[in-house]
Amino acid sequence: MCGIIGYAGKSPCQNILLSGLYALEYRGYDSAGIALLDNERFTIIKSRGEVSRLEEKMKAFQASESTLGIAHTRWATHGEPGERNAHPHKMGKTALVHNGIIENYKEAEPILAEKCYTFCSDTDTERAAGLIDLYYRETGDPLAAISRACKKLRGSYAFAVMFEDRENEIYGVRLGSPLLIGVGDGESLLASDTAAFPAHIDRYIAMEDGSISRIFRDGFQLFDMSLAKIKANEQPLTQISRGAHKDGYEHFMRKEIHEEPAAVLKTLAAYIKNGLPDFSASGVDTSILKQLSSLHIAACGTAMHAGLFAKFLIEKFLRIPVFAEVASEFRYNEPIFDGNTALLVISQSGETADTLAALRLAKERGIYSIAVVNVPCSSIAREADAVIYTHAGREVSVASTKAYTVQTALLSLFALHLGSLRGSISQKEAQKICFSLSRELPEKIDEVIAREDEVRALCHSISQKESAFFIGRGVDAHICAEGALKLKEISYINAQAYPAGELKHGTISLISNDFPVIAVSTQLCSAEKTAANVREVASRGADVYLIAPADFPQDGAKRVFALPKAAEPLLPILAATVTQLLAYHTALLRGCNVDKPRNLAKSVTVE
Ligand code: M6R
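The model shown is predicted, which means the values in this text are computed figures rather than measured ones. The residue numbers shown here count from 1 along each chain, following its written sequence. Reporting in this predicted model follows two pLDDT cut-offs: at least 70 for local features of residues, and 80 or more for side-chain atom pairs to be given and counted; totals over whole chains, interfaces and linings ignore these cut-offs and use all residues. Only hydrogens and water are removed before side-chain values are computed, so all heavy atoms of the structure are retained for them.

A. Examining the site of the ligand more closely. Close to the ligand lie 14 residues; S347, S349, T352, V398 and E489 are nearest. Within the side chain of K486, an N or O atom sits 2.8 Å from an oxygen atom of the ligand. Counting of polar contacts relies on pairs of N or O atoms within 3.5 Å, with two restrictions inside protein: one atom must be capable of donating a hydrogen and the other of accepting it, and residues adjacent in sequence are counted only when both atoms are side-chain atoms. For the ligand, an oxygen atom lies 2.4 Å from a polar atom in the side chain of E489. Segments assigned H or I by DSSP are reported as helices when at least four residues long, segments assigned E as strands when at least two residues long, and all are numbered from the N terminus. Of all the secondary-structure elements, those providing two or more residues to the shell around the ligand are α9 (301-318) and α16 (475-491). No other element matches α9, which puts 3 residues into the shell around the ligand. One heavy atom suffices: a residue is near a molecule or strand as soon as one of its heavy atoms comes within 4 Å of it.

What follows is the structure in structure tokens.
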């Protein structure tokens with residue numbers, strides 16, 4: 001998604017802004033641009049494609065000594081991803097960069113046209129810049145102009161704004177999309193994410209939703225939308241929130257898969273005391289958990305697949321209904337919050353707009369909310385009633401891997417916690433599963449990773465096909481959903497996940513020897529039935545790649561990845577790591593850009 005960086009300070013800022021853009025690249029983008037202010041004149045340079053192209057283009061300009069500037073990586077929403085739509089957009093004396101969407105931007109067009117503004121792009125951003133400029137012309141007051149424009153604009157957005165005749169200050173707006181202030185000595189910055197701040201910046205403020213900031217060399221001020229001053233809550237910048245390095249790995253994705261054992265260990269250690277689950281550190285209200293008669297789960301993409309995994313376990317352990325729904329559909333399906341219910345949201349970034357919207361809806365209805373989040377102080381973490389942090393460390397690769405593995409491990413522990421709180425799981429059983437999750441799981445994931453070559457060997461033939469099925473039953477169906485998402489997002493193979501028994505109700509007609517099937521079978525209760533489904537597709541010509549314990553039936557499978565011997569609740573999580581490696585190596589064999597798949601963004605901050 002779009003990335004914003006702005007600098008007001010004492011040093012020439014061109015390179016600071018460029019480094020910030022490079023650090024924001026992982027979010028996903030298709031063009032980039034920069035605006036520098038010098039002697040009351042903007043220099044605006046934009047380029048389609050990579051930040052390196054922008055840097056190249058900037059070399060044609062005289063190096064700027066400007067100490068005030070804004071820059072942007074754009075992920076197209078309104079208008080094709082070309083130079084004319086790249087940010088910053090300038091209208092009159094105003095230059096603006098924007099992350100998010102302005103839904104009613106068309107309404108600004110007649111107002112601006114009447115005042116002789118003309119448009120050079122198809123973007124909602126340019127219309128917002130126009131409105132701010134118009135009100136600045138009328139009032140001469142940047143804050144009044146911004147606040148007035150924001151009252152007219154509908155949507156979810158963050159802005160960084162400069163005015164040509166204001167050489168010392170940049171303005172930031174946060175209304176739905178994240179924006180942070182970096183605090184330095186004689187300098188202040190604005191950024192969509194802490195990764196963009198230079199290494200020496202050690203404090204930041206996450207702007208509150210509905211706030212405006214004014215940053216300048218000697219500090220910053222914060223206001224609400226009616227321009228009353230508000231207090232800032234300064235946070236230290238921790239190592240995890242900084243820019244990331246590949247540490248010798250070719251790709252972030254592979255590095256992050258290799259980090260899974262340590263991330264699981266660290267996360268579970270935070271929620272286990274005396275061998276039993278203990279979520280007191282998260283502030284979750286135990287009395288509410290004890291009374292739950294149902295639970296809602298909302299999340300997106302990979303996090304949703306972790307949510308489906310959690311639904312399976314919570315229903316199994318607690319025998320209460322759990323309603324899991326993709327967050328983008330949550331509010332449109334008008335959820336029924338009956339009895340003693342709560343909402344669990346799951347998000348790696350903590351900034352996903354759809355998930356945040358689901359959380360806000362539940363809060364409006366007075367529903368207790370729990371968030372499973374990886375990024376400290378993110379919007380979802382700040383707004384939920386209780387936060388259970390995954391300690392997965394920074395995840396840079398667009399394809400989420402370690403976050404998912406850690407989420408499934410942590411949600412297994414949480415389900416166990418709910419079960420033991422409510423007496424549906426005995427203390428002894430809870431202790432046993434707790435031990436398996438915290439001790440055995442990291443070791444077994446390590447074992448799977450050590451056999452990466454075996455997974456790679458499965459990928460040669462799969463990489464030559466254009467479609468694939470992932471099939472499994474029960475909890476394995478959810479592992480398949482995630483496996484298929486991973487394969488399609490980075491290798492562009494059209495991979496579909498199907499409950500194994502459902503194929504013969506229609507989609508088995510697609511099976512041929514060009515249509516490989518990846519079967520996941522980890523549960524004894526469904527092993528024979530899944531084995532029958534494997535035979536069904538194999539006898540119709542499909543190459544079947546089976547991921548299952550060594551002692552499960554294997555006939556019909558062309559190749560088998562035998563899962564390490566482990567307690568049954570761990571096996572689906574181990575199978576997930578296999579599917580992540582499978583997606584990674586298949587994508588590599590197809591020559592795909594693994595860490596930056598086309599059209600995708602790491603943090604999806606628009607609805
Ligand atoms: O940051 P979140 O976990 O809220 O992100 C949700 C999805 O956008 C995300 O999981 C996405 O599906 C993955 N990057 C896919 O690998």
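B. Fine view of the sheet that holds strand β12 (residues 211-216). Within the open sheet, the 6 strands sit side by side as β5-β6-β7-β8-β12-β13. Their pairing is antiparallel. At either margin of the open sheet sits one strand with a lone partner, and together these are β5 (89-91) and β13 (219-224). The average undirected angle you get between the axes of adjacent strands in this sheet is 20°. Here, two residues are considered to be in contact whenever any of their heavy atoms come within 4.5 Å of each other. A fitted line through C-alpha atoms represents every axis, and for helices the fit uses only the stretch in contact; the resulting angles, taken between N-to-C directions, go from 0 to 180 degrees. Contacts from helix α4 (residues 124-139) reach β5, β6 (94-102) and β7 (155-163) within the one sheet, and its direction differs from that of β6 by about 130°. This element, helix α5 (residues 142-152), spans β7, β8 (169-175), β12 and β13 of the sheet and lies at about 25° to β8. Pairs of strands are assigned from DSSP output, requiring at least two bridges between the strands.

C. Geometry of the pattern of salt bridges. Criterion for a salt bridge: a side-chain nitrogen of Lys or Arg within 4 Å of a carboxyl oxygen of Asp or Glu. Across all of its chains, the model carries 35 salt bridges by this definition. Between E25 and K596 there is a salt bridge whose closest N-O contact spans 4.0 Å. Taken together, the positions of E25 in the loop between α1 (14-24) and β2 (31-38) and K596 in the segment after α18 (571-589) put the pair 571 residues apart, joining distant regions of the chain. Per-residue accessibility, obtained with a 1.4 Å probe over protein chains only, is compared with the maximum for each type, and a residue is labelled buried under 20%, exposed over 50%, and partly exposed between these values. A relative accessible area of 34% places K596 in the partly exposed class. Salt-bridge contacts for E107 lead to R154; the nearest nitrogen and oxygen are separated by 3.8 Å. You can see E107 sitting in the loop between β6 and α3 (108-114) and its partner R154 sitting in the loop between α5 and β7, a full 47 residues away along the chain. You can call E107 partly exposed: its relative accessible area is 46%. The class of R154 is partly exposed, set by a relative accessible area of 46%. Through salt bridges with shared partners, a single ionic network connects K106, E109, E126 and R127.

D. Looking closely at the pairing of strand β23 (residues 494-499). Where strand β22 (residues 467-472) lies against β23, 6 bridges are found, and the strand directions are parallel. If you follow F470 over to β23, its bridge partner there is A497. For the handedness criterion, the strands are oriented away from the viewer, and a crossover whose path from the first strand over the helix to the second runs clockwise is classed as right-handed. Read as a crossover between parallel neighbours, the route from β22 over α16 to β23 is right-handed.

E. Representation of the state of the cysteines within the structure. The disulfide criterion is simple: two cysteine sulfur atoms within 2.5 Å. Within the structure shown, the criterion is met by 0 disulfides. Between C150, a cysteine without a disulfide, and C2, which holds the nearest cysteine sulfur, the sulfur-to-sulfur distance is 17 Å.

F. Highlighting the nonpolar core. Residues I314, I388, L413 and L441 are the most contacted members of the largest nonpolar core, which totals 90 residues. The dominant element in this core, judged by the number of residues it contributes, is α18, at 11 residues. In contact with I314, other than residues within four places in its own chain, are L295, R319, I320, V322, A415 and L418. Nonpolar core, defined: a set of buried Ala, Val, Leu, Ile, Met, Phe, Trp, Tyr and Cys residues in which side-chain atoms within 4.5 Å join the residues together. With 29 residues, the next largest nonpolar core counts M91, A128, Y135 and M225 among its residues.

G. Molecular detail of the sheet that holds strand β11 (residues 203-206). Taken in spatial order, the 8 strands make up an open sheet running β3-β2-β4-β1-β10-β9-β11-β14, and their pairing is antiparallel. Every other strand in the sheet has two partners, leaving β3 (41-48) and β14 (234-236) as the edge strands with one partner each. Along the sheet, successive strands turn relative to each other by an average axial angle of 20°, direction set aside. As paired elements, β2 and strand β4 (residues 68-74) share 6 bridges and run antiparallel to each other. Following the sheet pairing, A32 is matched in β4 by T73. Along the sheet face, α1 touches β1 (3-8), β2, β4 and β10 (188-191) and points at about 160° away from the line of β1.

H. Summary view of the packing of aromatic side chains. Pairing of aromatic rings covers Phe, Tyr and Trp, the last counted by its six-membered ring, and requires centre-to-centre distances within 6.5 Å; plane angles under 30 degrees mean stacked, over 60 mean edge-to-face, and any other angle means tilted. Within the structure shown, the criterion is met by 8 aromatic pairs. Arranged with centres 4.4 Å apart and planes meeting at 40°, the rings of Y136 and F163 form a pair that is tilted. With Y136 in helix α4 and F163 in strand β7, this pair connects stretches of sequence that are 27 residues apart. F163 matches Y136 in its accessibility class, with the two residues each being buried. Relative to F159, the ring of Y157 lies with its centre 4.6 Å away and its plane at 20°, an arrangement referred to as stacked. The burial state of Y157 is the same as that of F159; both residues are buried. Three or more aromatic residues link up through ring pairs in this structure, and these residues are Y136, F163 and Y171. Sitting over the face of the ring of F119, R127 holds its NZ or CZ atom 4.2 Å from the ring centroid. One residue, R598, lies across the ring of Y492, its end atom 3.8 Å from the ring centre. Over a ring means this: the NZ of a Lys or the CZ of an Arg is within 6 Å of the ring centre and within 35 degrees of the ring normal.

I. Broad picture of helix α7 (residues 260-269). Along α7, the residues that are buried comprise E260, P261, A263, V264, T267 and L268. Along the long axis of α7, the arc covered by the buried residues comes to 165°, so they all point the same way. Structural note: α7 exposes A262, K266 and A269 on the side pointing more than 90 degrees away from its buried face. Those residues of α7 that are buried lie in contact with α6 (252-258), β15 (272-273), β21 (386-389), α13 (402-421), α14 (427-450) and α18. Each C-beta atom gives one direction from the helix axis, and the arc is the one those directions make.

J. Region of interest: the packing of α4 against α5. Put simply, α4 and α5 touch, their axes get as near as 8 Å, and they point 135° apart. With respect to α5, the axis of α4 lies oblique. Crossing of α4 over α5 shows right-handed handedness. Facing L131, I132, Y135, Y136, E138 and T139 of α4, the residues of α5 in contact are P142, A144, A145, I146, R148, A149 and K152. Note that the term roughly parallel is reserved for angles under 35 degrees, roughly antiparallel for angles over 145, roughly perpendicular for angles of 65 to 115, and oblique for everything else. Crossing handedness: left-handed means the near helix sits turned counterclockwise from the far one by under a right angle, and right-handed means the same turn made clockwise.

K. How the structure looks around empty space enclosed by the protein. Both site types are read off a 1 Å grid over the protein atoms alone. A 1.4 Å probe that fits but cannot get out defines a cavity, while an open set with protein on both sides within 12 Å along at least five of seven lines defines a pocket; lining residues have an atom within 4 Å of a point. Grid points are joined across faces, edges and corners, and a volume is the space filled by probe spheres set on the points. Applying the stated criterion across every chain, the model contains 3 cavities of 30 Å³ or more. A volume near 60 Å³ is recorded for the largest cavity. Forming the walls of the largest cavity are C2, R74, W75, T77, H78, H87, H98, G100, T123, D124 and T125. Only Asp, Glu, Lys and Arg are considered charged in this grouping, and only Ala, Val, Leu, Ile, Met, Phe, Trp, Tyr, Cys and Pro are considered nonpolar; every other residue, Gly among them, is considered polar. Split by residue class, the lining of the largest cavity holds 2 nonpolar, 7 polar and 2 charged.

L. Layout of α14. What a helix is expected to span follows from its residue count: subtract one and scale by 1.5 Å. Spanning 24 residues, α14 covers 34 Å between terminal C-alpha atoms, matching the ideal 34 Å at 1.5 Å per step. For a residue, the bend is simply the angle between two axes, fitted respectively to the seven-residue segment ending there and the seven-residue segment starting there. The sharpest bend along α14 comes to roughly 45°, located at E440, with the proline P442 sitting one to four residues further on.

M. Quick peek at the environment of L153. Relative to the assigned elements, L153 resides in the loop between α5 and β7. Along the backbone, L153 and Q235 are 82 residues apart, and their C-alpha atoms lie at a distance of 30 Å. If sequence neighbours within four positions are ignored, L153 has contacts with I102, N104, A128, L131 and F159.

Bear in mind that shape data such as this cannot, by itself, settle questions of function.
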